[in-house]
Amino acid sequence: MTSKSSSKDPVGVLGAGSFGTVIANMLAEKTDVILYARTPERAKNINDKRESSGQALHERITVTNDLELVAKSCNVIFPVVPSANLRELIRRMSPYLRPYHILIHGTKGFDVSLPDNKQLNANRPLSRDYVKTMSEVIMEESSVVRVGCLAGPNLAGEMAARQPAASVVASHFDEVINAGQQLLKNERFLIYGNSDLIGVELCGVLKNIIAIGAGVIHGLGLGENAKALLISRGMVEMIYIGQALGGNTKAFIGLAGVGDLIATCSSQHSRNFTVGTRLAKGEKIKDIIESMEETAEGVRTIEIVKSLSEFYKVRCPITEALHNIINEEMTVGDATTYLMKFPFRAEIDFL
Ligand SMILES: NC(=O)C1=CN([C@@H]2O[C@H](COP(=O)(O)OP(=O)(O)OC[C@H]3O[C@@H](n4cnc5c(N)ncnc54)[C@H](O)[C@@H]3O)[C@@H](O)[C@H]2O)C=CC1
Ligand SMILES: O=C(CO)COP(=O)(O)O
């Protein structure tokens, strides 16, 4: 697999939302960037205003709605769209993607593809056959093999404000990790490498559930002790379901796991944490989602993990409690009581 790139090639970013724009701006400090926006109108609007998701665009960024142009111009591409949209996007781009491409996604969610147009139903067990990570989607839908993911405590607002942060680039290929490090690393952004691609992807996806739970605790005013309890047990829950889905425990104690848990479970800038806070105030999930401009991946992930946990017979009491709140089968008060009575056994029994 030879690369056709030169060091002067632009780098592609797919998705001009909060995080896609942050990543595009950061890459543009080192290289030319082609940023793909969803519609021609949005691409033109961003180009005209030189602004996307409230962030000024670096002068080295060109915005386009042409996937062929991105694929033909860029050897390295960062897809950063919501998980529900990645498969369709890669499918459309696939005629132009080649084995020399490197794709490093920043998406923190699952893909669900059910047979016969069946809809996801959280009360029906769901096996891993129908639930894919984003790297799996990219490999299923294209000829690309050199895939990676970017995951860690990376709240977009803080990065846009040029505050220091770090992240993990995970891949089975050293050249993918090296490309991610060379392109993204700067004096305020550290990049660590990890070869456990699935483990790191799972960390990014699963922590969103716990962030919603932390938001509930915060919204109820239950204090820091209760939040620490939820985060610690949340981490154990992530590890158990992560092991069932093919992840290695080590990733969960790193930056993408505990690191991202700490950031998203503490920040009122986290969309998932905000969802939890608003649930605690008695708002309905439908109203919360409708009023949010940005994506809170954790809501969909709760339903998916609830079904996976039924299939793999993994105890996920936090996910279950949040599922019950979202589906109005329990009040937030009842869910808290349920968790406090849950028969946990040994504290650390996953190592
Ligand atoms: N915002 C953050 O702090 C971070 C977000 N992430 C993850 O990045 C992913 C994207 O999040 P955000 O950028 O924050 O979401 P966002 O809600 O701000 O923006 C999503 C963007 O994706 C675009 N989009 C959707 N479908 C598309 C398609 N088919 N083609 C092109 N563009 C498409 C939308 O038009 C929108 O601009 C999520 O999975 C999120 O969990 C990861 C780390 C940090
Ligand atoms: O993943 C994130 C920070 O690492 C962003 O979290 P939210 O999607 O909850 O804002």
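Residues numbered from 1 in each chain as written. Chains lettered and ligands numbered in written order. Predicted model: local features only at pLDDT ≥ 70, side-chain atom pairs only at ≥ 80, totals over all residues. Heavy atoms only, no water.

- The name an unreviewed UniProt entry assigns to the protein chain is Glycerol-3-phosphate dehydrogenase [NAD(P)+], from the organism Imperialibacter roseus.
- Quoted verbatim from the Pathway (unreviewed entry) field of the UniProt record, the comment on the protein chain reads "Membrane lipid metabolism; glycerophospholipid metabolism."
- The protein chain has a UniProt comment under Subcellular location (unreviewed entry) that states "Cytoplasm". (UniProt positions renumbered as here; feature names shortened; annotations may be inferred.)

Digging into the domain arrangement of the protein chain
In step 1: In terms of domain boundaries, the protein chain breaks down into domain 1 (11-198) and domain 2 (199-341).
In step 2: With centres defined by C-alpha atoms, the gap from domain 1 to domain 2 works out at 23 Å.
In step 3: Tallying the contact residues gives 39 residues for domain 1 and 39 residues for domain 2.
In step 4: Each partner contributes to the roughly 2,900 Å² buried at the junction of domain 1 and domain 2, and carbon and sulfur atoms together form 63% of this total.
In step 5: At the junction of domain 1 and domain 2, the tally comes to one salt bridge.
In step 6: Asp 260 is the salt-bridge partner of Lys 108, the closest N and O atoms lying 2.8 Å from each other.
In step 7: The interface formed by domain 1 and domain 2 holds 23 residue pairs in polar contact (both at pLDDT 80 or more) in total.
In step 8: Secondary structure elements with two or more residues in the side of domain 1 that touches domain 2: helix 4 (83-93), strand 8 (111-112), helix 5 (134-141), strand 10 (146-151), strand 11 (165-171), strand 12 (189-194) and helix 8 (197-220). (Domains from an automatic or database assignment. Contact = heavy atoms within 4.5 Å. Buried area = accessible area lost by both parts, 1.4 Å probe. Salt bridge = Lys/Arg side-chain N within 4 Å of Asp/Glu carboxyl O. Polar contact = N/O pair within 3.5 Å; in protein donor to acceptor, adjacent residues only side chain to side chain. Helix = DSSP H or I, 4+ residues; strand = E, 2+ residues; numbered from the N terminus.)

Examining the UniProt feature "binding site: sn-glycerol 3-phosphate" (unreviewed entry) in the protein chain
In step 1: Taken from the UniProt record, the annotation "binding site: sn-glycerol 3-phosphate" (unreviewed entry) applies to Lys 108, Gly 152, Lys 207, Asp 260, Ser 270, Arg 271 and Asn 272. When only the residues just named are considered, the largest pocket is lined by Lys 108, Lys 207, Asp 260, Ser 270, Arg 271 and Asn 272.
In step 2: Mapped onto the elements of the fold, Gly 152 is located in the loop between strand 10 and helix 6 (156-160).
In step 3: Judged by relative accessible area, Gly 152 falls into the buried class, the value being 0%.
In step 4: Along the chain, the position of Arg 271 falls in helix 12 (residues 271-280).
In step 5: Given the relative accessible area of 31%, Arg 271 is considered partly exposed.
In step 6: Setting aside its immediate chain neighbours within four residues, Arg 271 contacts Ser 18, Met 292, Glu 294, Thr 295 and Ala 296.
In step 7: At 2.8 Å, the side chain of Arg 271 forms a polar contact with the side chain of Glu 294. (1 Å grid on protein atoms, 1.4 Å probe; cavity = no way out; pocket = protein on both sides within 12 Å on 5 of 7 lines; lining within 4 Å. Buried < 20%, exposed > 50% of the residue type's maximum accessible area, 1.4 Å probe, protein only.)

Regarding the environment of Lys 313
In step 1: Mapped onto the elements of the fold, Lys 313 is located in the loop between helix 14 (298-312) and helix 15 (317-326).
In step 2: Judged by its relative accessible area of 73%, Lys 313 falls in the exposed class.
In step 3: Expressed as a C-alpha distance, the spacing of Lys 313 and Thr 39, which sit 274 residues apart in the sequence, is 42 Å.

Section: the packing of aromatic side chains
In step 1: Applying the stated criterion across every chain yields a total of two aromatic pairs.
In step 2: Taking the centre distance of 4.9 Å and the plane angle of 70° together, the rings of Phe 311 and Tyr 312 count as edge-to-face.
In step 3: With relative accessibility at 42%, the residue Phe 311 sits in the partly exposed group.
In step 4: The class of Tyr 312 is partly exposed, set by a relative accessible area of 27%. (Phe/Tyr/Trp six-rings, centres within 6.5 Å; stacked < 30°, edge-to-face > 60°.)

Remarks on the pattern of salt bridges
In step 1: The final tally for this structure, using the stated rule, is 22 salt bridges.
In step 2: We note a salt bridge from Asp 48 to Lys 44, for which the minimum N-O separation is 2.6 Å. Pair noted here: Asp 48 and Lys 44 are both in helix 2 (residues 40-49), with a separation of four residues, about one helical turn.
In step 3: Among the charged side chains, a network of salt bridges with common partners joins Arg 87, Arg 91, Asp 111, Lys 132, Glu 140 and Glu 141.

Things to note about the sheet that holds strand 7 (residues 102-105)
In step 1: The sheet built from eight strands is open, its strands ordered 5-2-1-6-7-10-11-12 with mixed pairing. Of all strands in the sheet, those with a lone pairing partner are strand 5 (61-64) and strand 12, marking the two edges. When the angles between neighbouring strand axes are averaged without regard to direction, this sheet yields 25°.
In step 2: Bridge count between strand 11 and strand 12: six bridges; the pairing is parallel. (Pairing = 2+ DSSP bridges. Axes fitted to C-alpha atoms, helices over the stretch in contact; angles between N-to-C directions.)

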